[in-house]
Amino acid sequence: QAQLVESGGGLVQPGGSLRLSCAASGSIITIGRMGWYRQAPGKQRELVADITHDGTAKYADSIKGRFTISRDNNKNTVYLRMNSLKPDDTAVYYCNADLWPTGYSWRNSWGQGTQVTVSS
């Protein structure tokens, strides 16, 4: 069964960097849009960035210029490079993607989430 698995979260000091990865596993024909969302305690989940299959990216205003989303279609993987991290970036980060698994129709899937904590 196709699924998304995130990695790369952790604790980082303000001003530091992290790179998140999200790999789609299982038998997949293709992947459409892929994106990263985050949810801080007591807040709604929000879109951070997303990227189309051909590489067109879109970013939330709060992270423009600091975060970069990219993808490797050969590896079915999306990345989020986060620079100049701030305490306000602390959240659980979730991967989301439109998957076309073999033998199934298109479906939107979520990863399990990875914690990012920015603190000194």
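Now for a quick tour of the structure.

Parameters and conventions
- Residues numbered from 1 in each chain as written.
- Predicted model: local features only at pLDDT ≥ 70, side-chain atom pairs only at ≥ 80, totals over all residues.
- Heavy atoms only, no water.
- Helix = DSSP H or I, 4+ residues; strand = E, 2+ residues; numbered from the N terminus.
- Buried < 20%, exposed > 50% of the residue type's maximum accessible area, 1.4 Å probe, protein only.
- Contact = heavy atoms within 4.5 Å.
- Lys, Arg positive; Asp, Glu negative; His and termini not counted.
- Salt bridge = Lys/Arg side-chain N within 4 Å of Asp/Glu carboxyl O.
- Polar contact = N/O pair within 3.5 Å; in protein donor to acceptor, adjacent residues only side chain to side chain.

1. A closer look at unusual backbone geometry
In the Ramachandran plot, Asn76 falls in the positive-phi region, its phi being about 50° despite a non-glycine side chain. On the secondary structure map, Asn76 appears in the loop between β7 (67–72) and β8 (77–82). What makes Asn76 partly exposed here is its relative accessible area of 22%. Of note in this structure, Ser84 is not a glycine but carries a positive phi near 50°. Overall, Ser84 belongs to the partly exposed group, its relative accessible area being 40%.

2. Structural notes on the environment of Val116
Looking at where Val116 falls in the secondary structure, it is placed in strand β11 (residues 114–118). On the accessibility criterion, Val116 (0% relative accessible area) is buried. Sequence separation of Val116 and Pro87 is 29 residues, and the distance between their C-alpha atoms is 9.7 Å. Not counting chain neighbours up to four residues away, the residues in contact with Val116 comprise Gly9, Gly10, Leu18, Leu20, Met82, Asp89, Thr90, Ala91 and Tyr93.

3. Observations concerning the side chain of Glu6
Relative to the helices and strands, Glu6 is located in strand β1 (residues 3–7). Arg45 provides the closest opposite charge to the buried, salt-bridge-free Glu6, at an N-O distance of 7.7 Å. Polar contacts involving the side chain of Glu6 include one to the main-chain amide nitrogen of Cys95, which spans 2.7 Å. Only 2.7 Å separates the side chain of Glu6 from the backbone nitrogen of Gly113, close enough to count as a polar contact.

On their own, these measurements won't tell you what the molecule is for.
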